[in-house]
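# Per-entry structural report
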Amino acid sequence: MIALLSAIAQLFLPWWVIAVVAFTVCFWRKPSGGRAFLSGFLGIGLVWLLYALLIHLRTDGLLTARMAELLFKSSSPALLLLVTLLIGGLVGGFAGVAGSGMRQVFSTNS
Amino acid sequence: MRRLKALLFGAVTIALTIALNRQWGSVPAFGRLLSPFEGFWQNAEKPGMEPEQTLSIPGAREEIVVRYDELGVPHIFARNDYDVYFAQGYVTARDRLWQMEFQTHAAAGRISELIGDRALELDRYNRRLGMVYGAEQTLRGMMADPVSREVVEAYTAGINAWINRLRPSTYPLEYKLLGYSPEPWTPLKVALLLKQMTQTLAAGADDLLMTNVLQKLGPAVTANLFPDYPFREDPIIPAGTKWDFSPATIPLPPPLNGPDSLLSLHWPGHDHGVGSNNWAVGGQKTAGGYPILANDPHLNLTLPSIWYQIQLVSPTMNVYGVSLPGSPAVIIGFNRDVAWGVTNVGADVLDFYKIRFRDGRRTEYLHGNQWKPVRRRVEVIRVKGKPDVVDTVLYTHHGPIVYRPDEKPFRNNIPVGYAARWVAHEVDNTLKTFHILNRAVTYDDYVKALAFYSAPAQNFVFANARKDIAISPNGRFPLKWRDQGKFLLDGTNPAHDWQGWVPADQNPRVKNPPRGFVSSANQSPTDPGYPYYLNWEFESPERAMRINQTLAAMQRATVDSIRRLQNDVYNLRAARFLPVLLPRVRRNGFTAVQAQALTTLSRWNYQNDTASVGATIFGEWIDFLDDAIWQDELSDPSRPLRHPNISRTLQLLTEEPASVWFDNVRTPDRKETIDDIVTGSFRAAVDSLAARYGPVGARWHWASHKGTGIRHLIPGLDAFSRLNVQIGGGPNIVNAAGRRAGPSWRMVVQTGPAVRAYGVYPGGQSGNPGSPYYMNMIDTWRKGELYELLYLKSAADSHPRLKSTLKLTPETK
């Protein structure tokens, strides 16, 4: 769910929409804290990883190698892909927890 | 508790997102940068090109067809001249937008906007030098001419048509790394780019250093050590050529009483890596009977490349060559009938005048017997993350005051500063030169085109299918008395002002000289018989001599023999120095490495090829030798001085072996001889190499020692650069591939009934580090090979090298 919605939203909106999507979905579906983090993390992180991997493969990794050299002084694309997964995943994960937590606050009140 | 937890995670999420969305110093916004939807991933390009694409572009007047060949060179076919320059702007921006904007931001003193106060002094320097003021003057000149105006406006509209199609995800990568956005292009930016070239090529000034030398050594010794014409020269216009004009009245030098109080002005010296070669061989000396023209401008080797190949076809022209991204038209190239190229002249077109203000308010300055008003120009430098810096620059009729007296607090209380008189501050219409050359057919067209040219002065070489060859050191030259501007000038004395201009039709020029070729390599434009004073010193003549010797001996020249001369790595400087130096080396007391180095050098064939060890030792030795001879007399911690040039040093070694200059005045108890200096500097040079590289071996090889690098315009971006390129040659060698500067474009054109041309530059057509066309031509360049330049006749031509067609159509209403 998060994956699908965020992928569509990111085609049109700035990257940080991933936080909004993860938050909203978790707010709506109210998973527990741990599950919320996991679904936010995987929902966003996997989309980022797969799309990045697709670009990497389609372009023979030319820019991936140069960026890995620039950011990490390493020619390995794996690290760059991993960091991409992590950054997207962490934002998604935290937003997911925040979303479900907020929902629980509202549910308790009502 | 729950509420607290929820709020905490909410806050963490927001903080994390914001943190990843903004730049931290030089650390980019990681979230935005790494997002595959928006970040750098979007700049990765797949190999190959889209075979067909049609775009509706607001601003195009009729349908424009752009065909791309397999190197990514656009061949533009337009039905009118507006559209051809519109499309040039569009396709150039498509490949090079970031570079175009960055270079013009640099010229305008706006780098602090992008990277913060690290660039503040650089920006302030450019503002003080009057770069924006000069660009505004050029803009006035361009806009006053209806033809130039249309060209610049069309080009600007084309660039903006591309910018308007961009979204943050499709911005060039460098915008994402530095965290900013492109702004609309303007005609002023074209002018700024031309100023940038003028600054690179015509803003060197040793006036202050020479004045300090003059004070230290006195006029007679200074004249002896810094003569106005080199020991052994081979000028551009063959020596003895007669001038067919009666010169304008040349001003007489006023009595020598230059400024006496000096500021420690740190002016960038002339960059010796920057220079160029060009030549044209007449039909009588070529195998095909038609002239061949060659050019290789030596500029800083950068990525994206300084040049961009393009073919422009409209009803009034069909021209191919290289353009400067940011300026319309082709700068070096050919059409069906003619070919032309440029090298830098190095005339003295920047002088400094000492200004005397009336009082501490600095609202008036003395000139002749009058107090004249000072004009103030406020420069606002925007600084990323900091408040704006406001700088008021004082202008006199000479020009802007680069360094104000109050910036030197230990000076006495006389309010003095220096104003810069620079040709770049003149109104000009340089663009028109290229507009005419792009369409030229005859020698007369070439002469007509050159008259519009202002700065940076260039040696324009020319050849055409009617078998004319010509060369002209050309630009706007101030009319000066002999040596005017060799030293700092007195701004209060009207006799020190520039006295007008050398008439354009009296610039040095030669057509079809008897020797059958013309050439230039930044050496003296003429022999001392030319009536006007252009400068006292030009580039040392080794490259020129080598080219002229080779061309004089060449018969039945072909494109390939010309290409080989462009790649010649013969070190003529070594061939001139070593026979003088080697017999003076005394071997007693040599270490094993020193002895081995001397043997290697004695057996060296003077070729600076990649694996040469002799070239490395010689290069190092000459630097040590120069310091050993001159450093003791000509260095002073309190004021900058300079050494005599290499020609004078060679003369000293050859003709004045008993000269007092060989004695090291820092050792009062000893009197060194020429042999002591030669031997001592050799040992020191070898020891220095051994300390860096260990025993003589692969690390001593010339190409590794030299370390030619082709670097991204952002300093330190090694991942987007190509370092340690294995190429021979070097400074003062025909193949001038130095550490940071070198042949930035090599071109050979065989004129004739069907023109054929060849070329390469060390980079690629795309400025995108994520493109396969970013640095794809470097190895061809390194190996000294050329690509045939695909000169199309019509948009319908078919050729296996054509890979993609882009149609730009006017927006349908």
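Here, every reference points to the structure presented above.
We now turn to the structure provided with this report. Everything quoted here is computed from the prediction, not taken from an experiment.

## Points about the overall build of chain B
Scanning chain B from N- to C-terminus turns up 21 helices and 29 strands. Projecting the C-alpha coordinates of chain B onto the three principal axes gives extents of approximately 85 × 75 × 65 Å. When burial is assessed residue by residue, chain B has 63% of its 813 residues classed as buried. Within chain B, counting contacts between residues at least 6 apart in sequence, those at least 24 apart form 72% of the total. Summed over its atoms, the accessible surface of chain B is roughly 30200 Å², and 53% of this surface lies on carbon and sulfur atoms. In chain B, which carries 90 positive and 78 negative side-chain charges, the distance between the mean positions of the two groups comes to 4 Å.

## Points about the packing of helix α16 (residues 592-603) of chain B against helix α17 (residues 614-630) of chain B
Residues and elements named next belong to chain B. Interhelical geometry of α16 versus α17 gives an angle of 105° and a closest axis separation of 9 Å. Regarding the angle of α16 to α17, the classification is roughly perpendicular. Contacts between α16 and α17 involve A597, T600 and L601 from the former and G614, I617, F618 and W621 from the latter.

## A word on the pairing of strand β29 (residues 802-810) of chain B
All names here are of chain B. The pairing of strand β1 (residues 52-57) with β29 spans six bridges and is parallel. Paired with E52 across the bridge in β29 is T805. Sheet topology places strand β2 (residues 64-69) next to β29; six bridges connect them, and they run antiparallel. When the bridges of β29 are listed, V66 appears paired with L806.

## Observations regarding unusual backbone geometry
Residues and elements named next belong to chain B. Cis geometry marks the peptide bond from L303 to P304, where omega comes out at -10°. Along the chain, A455 connects to P456 via a cis peptide bond; the corresponding omega equals -10°. If you trace the backbone, P456 turns up in the loop between α12 (443-450) and β18 (458-464). In this structure, R232 is a non-glycine residue whose phi angle is positive, near 60°. Topologically, R232 is positioned in the loop between α10 (207-225) and β4 (275-281). Classification of R232 as partly exposed rests on a relative accessible area of 45%. Located in the positive-phi region is D483, a residue other than glycine, with phi close to 70°. For D483, the location among the structural elements is in the loop between β19 (469-474) and β20 (489-490).

## What about the sheet that holds strand β24 (residues 722-725) of chain B?
Strand-to-strand pairing in sheets goes through backbone hydrogen bonds, with the strands running parallel or antiparallel. All names here are of chain B. Taken in spatial order, the three strands line up as β6-β23-β24 in an open sheet, and their pairing is mixed. Each end of this open sheet is capped by a strand with a single partner; those strands are β6 (302-303) and β24. Note that strand β23 (residues 708-712) and β24 share two bridges and pair antiparallel. The residue of β24 that forms the bridge with I710 is R722.

## Quick word on the interface of chain B and chain A
On the side of chain A, 41 residues touch chain B, which itself brings 39 residues to the contact. Taken over both partners, the interface formed by chain B and chain A buries close to 3500 Å², and the fraction arising from carbon and sulfur atoms is 78%. It is B:L34, B:F37 and B:W41 that lose the most area in chain B upon contact with chain A, and together they represent 20% of the buried surface on that side. Viewed at the interface, chain A and chain B are joined by six residue pairs in polar contact (both at pLDDT 80 or more). For the side of chain B that touches chain A, the elements supplying multiple residues, two or more each, are α1 (2-21), α2 (30-34) and α8 (173-178) of chain B. With 11 residues, the single largest contributor to the side of chain B that touches chain A is α1(B). Among the residues making up the side of chain B that touches chain A, the classes are represented as 23 nonpolar, 10 polar and six charged.

## Here's the deal with the packing of aromatic side chains
Residue and element names in this part refer to chain B. With the rule as written, the count across this model stands at 33 aromatic pairs over all chains. Note on F434 and F460: the rings are 6.4 Å apart at their centroids and 40° apart in plane angle, and the pair reads as tilted. One end of the pair, F434, is in helix α11 (residues 430-437); the other, F460, is in strand β18, and 26 residues separate them in sequence. Three or more aromatic residues joined by ring pairs make a cluster, and in this case those are W243, F245, Y530 and Y532. In this structure, K189 packs its charged tip against the face of W185, placed 5.9 Å from the ring centre. The side chain of K467 reaches across the aromatic face of Y290, ending 4.7 Å from its centre.

## Considering α12(B)
Residue and element names in this part refer to chain B. Buried within α12 we find Y443, Y446, A449 and L450. What you see down the axis of α12 is that its buried residues fit within an arc of 120°, all on one side. Where α12 is buried, its residues contact α11, β18, β19 and β21 (510-511).

## Some thoughts on the environment of B:V748
Among the structural elements, B:V748 can be located in strand β26 (residues 746-750). Considering only alpha carbons, one finds B:V748 and B:E655, 93 residues apart in sequence, at a separation of 40 Å.

## A word on the nonpolar core
Core analysis: the biggest nonpolar cluster contains 207 residues, and A:M67, B:W307 and B:I562 have the highest contact counts within it. In terms of residues, this core owes the most to one element, helix α3 (residues 81-107) of chain B, which gives 14 residues. Here B:W307 is in contact with B:R96, B:P297, B:L299, B:V322, B:S323, B:L324, B:P325, B:I331, B:I332, B:S744, B:W745 and B:Y761, once residues within four sequence places are set aside. Counting 52 residues, the second largest nonpolar core, distinct from the first, contains B:F487, B:L581, B:Y606 and B:W700.

## A look at the pattern of salt bridges
All names here are of chain B. A complete count under the given rule lists 40 salt bridges over all chains for this structure. In this structure, R573 and E542 form a salt bridge, with 2.9 Å as the shortest nitrogen-oxygen distance. Separated by 31 residues along the polypeptide, R573 in helix α15 (residues 572-581) and E542 in helix α13 (residues 542-553) bring together distant segments of the chain. When sorted by exposure, R573 lands in the same class as E542, which is buried. One continuous salt-bridge network, built from bridges that share partners, spans R110, E113, E183, K189 and R382.

## Some points on the sheet that holds β1(B)
All names here are of chain B. Spatial ordering of the open sheet is given by β1-β29-β2-β3-β7-β8-β9-β10-β18-β19-β21, a layout of 11 strands whose pairing is mixed. On the outer flanks of this sheet lie β1 and β21, each paired with one strand and no other. Running over the sheet, α12 touches β18, β19 and β21 and is turned about 5° from β19.

## Focus: empty space enclosed by the protein
All names here are of chain B. According to the stated counting rule, one finds six cavities of 30 Å³ or more in the structure shown. The computed volume of the largest cavity comes to approximately 220 Å³. Forming the walls of the largest cavity are 19 residues, and the residues nearest its centre are M197, L201, I331, Y453 and Q458. Counting only elements with at least two residues in the lining of the largest cavity, the list comes to α9 (187-202), β5 (292-300), β10 (338-344) and α11. Classifying every residue of the lining of the largest cavity by side-chain character gives 14 nonpolar, five polar and no charged. Taken as a whole, the second largest cavity encloses approximately 60 Å³ of empty space. As for the second largest cavity, its lining consists of T138, L194, K195, T198, V423, A424, E426, D428, T430, S454 and A455. If you tally residues by element for the lining of the second largest cavity, the top one is α9, at three residues.

## Section: a nonpolar patch on the surface
Side chains of A:L38, A:L42, A:L46, A:L50, A:L53 and A:L57 sit close together on the surface and give an oily, nonpolar patch of about 540 Å² of accessible area. The topology assignment puts A:L57 in helix α3 (residues 33-58).

Each value, and the rule that gives it
- Residues numbered from 1 in each chain as written.
- Chains lettered and ligands numbered in written order.
- Predicted model: local features only at pLDDT ≥ 70, side-chain atom pairs only at ≥ 80, totals over all residues.
- Heavy atoms only, no water.
- Helix = DSSP H or I, 4+ residues; strand = E, 2+ residues; numbered from the N terminus.
- Buried < 20%, exposed > 50% of the residue type's maximum accessible area, 1.4 Å probe, protein only.
- Contact = heavy atoms within 4.5 Å.
- Areas by Shrake-Rupley, 256 points an atom, 1.4 Å probe, with all protein chains shown as cover.
- Lys, Arg positive; Asp, Glu negative; His and termini not counted.
- Charge placed at Lys NZ, Arg CZ, Asp CG, Glu CD.
- Axes fitted to C-alpha atoms, helices over the stretch in contact; angles between N-to-C directions.
- Parallel < 35°, antiparallel > 145°, perpendicular 65-115°, else oblique.
- Pairing = 2+ DSSP bridges.
- Buried area = accessible area lost by both parts, 1.4 Å probe.
- Polar contact = N/O pair within 3.5 Å; in protein donor to acceptor, adjacent residues only side chain to side chain.
- Nonpolar A, V, L, I, M, F, W, Y, C, P; charged D, E, K, R; others polar.
- Phe/Tyr/Trp six-rings, centres within 6.5 Å; stacked < 30°, edge-to-face > 60°.
- Lys NZ or Arg CZ within 6 Å of the ring centre and 35° of its normal.
- Arc of directions from axis to C-beta.
- Core = buried A, V, L, I, M, F, W, Y, C linked by side-chain atoms within 4.5 Å.
- Salt bridge = Lys/Arg side-chain N within 4 Å of Asp/Glu carboxyl O.
- 1 Å grid on protein atoms, 1.4 Å probe; cavity = no way out; pocket = protein on both sides within 12 Å on 5 of 7 lines; lining within 4 Å.
- Points joined across faces, edges and corners; volume = space filled by probe spheres on them.
- Patch = residues over 30% accessible without salt bridge, like charges linked within 9 Å, V, L, I, M, F, W, Y side chains within 5 Å.

In short, the description is geometric, and any link to function would need to be established separately.
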